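# Survey of secondary and tertiary structure
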Amino acid sequence: MCPLTPARDRSRPGKDRPLTIPDTVEAREAVDLLDRTRAAVQPEIRGACETLPGPMRRVAMYHFGWEQADGSPGPGAGAGGKAIRPALVLASCRALGGDPDRAVRAAAAVELAHNFTLLHDDVIDEDATRRHRPTAWTVFGTADAVLAGDAMLALALRLLAEDPLPCSARASARLAECVIELCAGQQIDCAFEERLPEEVTPQECMGMATAKTGALLGASCAIGALYAGAGEEKVRAMDAFGREAGLAFQFIDDLIGIWGDPERTGKPAGADLAARKKSLPVVAALASGTRAGAELAELYRGPMGAAAVARAADAVERAGGRDWAQSQAGERMSRAVGELARAVPDLGAAGDLLSLAEFVTRRNR
Ligand SMILES: CC(C)=CCC/C(C)=C/CC/C(C)=C/COP(=O)(O)OP(=O)(O)O
């Protein structure tokens, strides 16, 4: 079945419906689309991971939720992430008149590349929890987690290299360029750590987020367009759509990093503040010139226990960081839709992409 064929029974709850369902028709449709995307790409991803030797295979199988640390069965499909990037590949392909079934391998490659970044990011940030479970590096050690991440990137490129479709070579080059850009974005993020919180400007932070997060969402859409046989102009417009949507995604991610419900996010409450992250709402609050912004700067200089985290969240809100991030997410998504209209003038053909855009701005995990 085409991975983007709508499910017949949209109301049925159950274990194959692991994402929170937001309260708009578009966002509900996106949840269905993400469920179907996971069903389509996971066999490719799992098959690729199972070819890895020894410890790298164990890390990959654990990270995607198919196994526990001891090799026994893991929590399963829903524990492997939302699958937003492969859904963008397939939906972009379809919006531009292509057959999404032919892009499943490319969609799996993009998701493998995304998970390479997550494995490494958790090591760099020393994060202990991801997707409701202990991070791979805390279970298997940093060396095995980093090496499994490296291998995942190689699996992504191998999947594309093995794809007989002529567009796969351009898709592979596009993915490789994107990985270089997101590594550069990550490097800028790491360099922010060495600076005083109030020295980082919202503009710099948005540039970093565009590279770190927007690049891969842009590449996902561009690769979907390549698999539809689109010309360069449309591929570029789809890339721009994904980048703007990616920045909106990061704004929401940063809001969730402060105010997200741990039950839904799978991470501790206020995790980003406890780690003194210079996220978008925080940087905006610090740059606000308000008294609350100054309070936040002071809090960030001291120990961040639970009470300090709660006060910091309150200070970000009073300084306007929360409202700013929320309105920027909306603004970026409007720009994204403008770019989409350049590639797909009849937006009626881009329903899945619009549903995903709606999901991204309304998600709570
Ligand atoms: C090279 C390197 C280490 C780069 C780091 C890049 C990086 C991790 C950027 C953050 C992107 C992000 C918001 C991920 C969560 O995605 P998601 O919410 O879609 O995750 P899911 O797959 O769990 O749903």
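Below: a short report on this structure. Per chain, residues are indexed from 1 in the order of the written sequence. Where totals are concerned, whole chains, interfaces and linings use all residues; where local detail is concerned, this predicted model gives features only for residues with pLDDT of at least 70, and gives and counts side-chain atom pairs only at 80 or more. Hydrogens and water are ignored here; the side-chain numbers use all heavy atoms of the structure.

### Let's talk about the nonpolar core
Basically, it comes down to this: We define the nonpolar core as a collection of buried residues of types Ala, Val, Leu, Ile, Met, Phe, Trp, Tyr and Cys that are connected through side-chain atoms lying within 4.5 Å of one another. Only protein chains enter the accessibility calculation, which uses a 1.4 Å probe. A residue is then buried if its area is under 20% of the maximum for its type, exposed if over 50%, and partly exposed in between. Note on contacts: a residue pair qualifies if any of its non-hydrogen atoms lie within 4.5 Å across the two residues.
With 83 residues, the main nonpolar core has C49, L112, Y227, M238 and L353 as its most contacted residues. Discounting residues that sit within four places of it in the chain, L112 has contacts with I45, A48, C49, F64, M152, L155, A156 and L159. V282, L286, A292 and M304 belong to the second-largest nonpolar core, a separate cluster that totals 18 residues.

### A look at the packing of helix α15 (residues 321–343) against helix α16 (residues 351–362)
To be explicit about the condition: Every axis in this analysis is a line fitted to C-alpha atoms, fitted for helices over the stretch in contact. Angles between the N-to-C directions lie between 0 and 180 degrees. In DSSP terms, a helix is any run of H or I states spanning at least four residues, a strand is any run of E spanning at least two, and both are numbered starting from the N terminus. Angular relationships are summarised with four words: roughly parallel below 35 degrees, roughly antiparallel beyond 145, roughly perpendicular across 65 to 115, and oblique for the angles in between. Under the convention adopted here, Pro, Cys and the residues Ala, Val, Leu, Ile, Met, Phe, Trp and Tyr are nonpolar, Asp, Glu, Lys and Arg are charged, and Gly plus all remaining residues are polar.
Packing of α15 against α16 brings their axes to within 10 Å, and their N-to-C directions diverge by 170°. The orientation of α15 with respect to α16, classified from their angle, is roughly antiparallel. On the side of α15, the interface is formed by Q326, A329, M333, V337 and L340, while α16 contributes L353, L354, A357, V360 and T361. Per-class residue counts for the contact of α15 with α16 are eight nonpolar, two polar and no charged.

### Things to note about the pattern of salt bridges
Selection rule: The term salt bridge refers to a pairing of a side-chain nitrogen on Lys or Arg with a carboxyl oxygen on Asp or Glu at a separation within 4 Å.
This structure, assessed with the given rule, holds 26 salt bridges. The salt bridge involving D239 is made with R174; its shortest N-O contact spans 2.2 Å. Of this pair, D239 sits in helix α9 (residues 232–259) while R174 is found in helix α7 (residues 168–193), placing the two residues 65 residues apart along the sequence. Here D239 makes a salt bridge to R243, at a shortest N to O gap of 2.8 Å. Of this pair, D239 and R243 both sit in helix α9, separated by four residues, roughly a single helical turn. We classify R243 as partly exposed; its relative accessible area is 22%.

### Concerning the site of the ligand
To keep it simple, the criterion reads: Near is defined per residue: the residue qualifies when any heavy atom it owns lies within 4 Å of the molecule or strand. Contacts described as polar in this section are N or O atom pairs within 3.5 Å, which, within protein, must combine one atom able to donate a hydrogen with one able to accept it, while residues neighboring in sequence count only if both atoms come from side chains. Residue-level accessible areas treat just the shown protein chains as cover; the underlying method is Shrake-Rupley with a 1.4 Å probe.
Not every one of the 17 residues close to the ligand is listed here, only the nearest: K82, R85, H114, R131 and Q186. One of the side-chain N or O atoms of K82 is found 2.6 Å from an oxygen atom in the ligand. At 2.8 Å from an oxygen atom of the ligand is found a side-chain nitrogen or oxygen belonging to R85. The protein chains hide 92% of the 630 Å² of surface that the ligand would expose on its own.

### Here we look at the packing of α7 against helix α8 (residues 202–227)
For the pair α7 and α8, the least separation of the axes is 8 Å and the interaxial angle reads 170°. Relative to α8, the element α7 is oriented roughly antiparallel. A class-by-class count of the residues in the contact of α7 with α8 yields 16 nonpolar, four polar and six charged.

### Digging into the side chain of Q250
Inspection of the secondary structure puts Q250 in helix α9. A polar contact is formed between the side chain of Q250 and the side chain of T213, at a distance of 2.4 Å. Those residues within four positions of Q250 in sequence are excluded, and the remaining contacts are A209, K212, T213 and L280.

### Observations concerning the packing of aromatic side chains
Put simply, the rule is: Ring pairs shown here join Phe, Tyr and Trp side chains whose ring centres sit within 6.5 Å, with only the six-membered ring taken for Trp; geometry is labelled stacked below 30 degrees between planes, edge-to-face above 60, and tilted in between. We call a charge positioned above a ring when the Lys NZ or Arg CZ atom is no farther than 6 Å from the ring centre and deviates by at most 35 degrees from the ring normal.
Counted according to the given criterion, the structure contains three aromatic pairs. One Lys or Arg, R133, reaches over the ring of Y62 and ends 4.0 Å from the middle of that ring. For the cation-ring pair, R322 lies above W259, with the distance from its terminal atom to the ring centre recorded as 4.2 Å.

### As for α16
The test is simple: Given a helix with a known number of residues, its expected span is that number minus one, times 1.5 Å.
The first and last C-alpha atoms of α16 sit 16 Å apart over twelve residues, in line with the 16 Å expected at 1.5 Å per residue. The complete set of buried residues in α16 reads L353, S355, L356, A357, F359 and V360.

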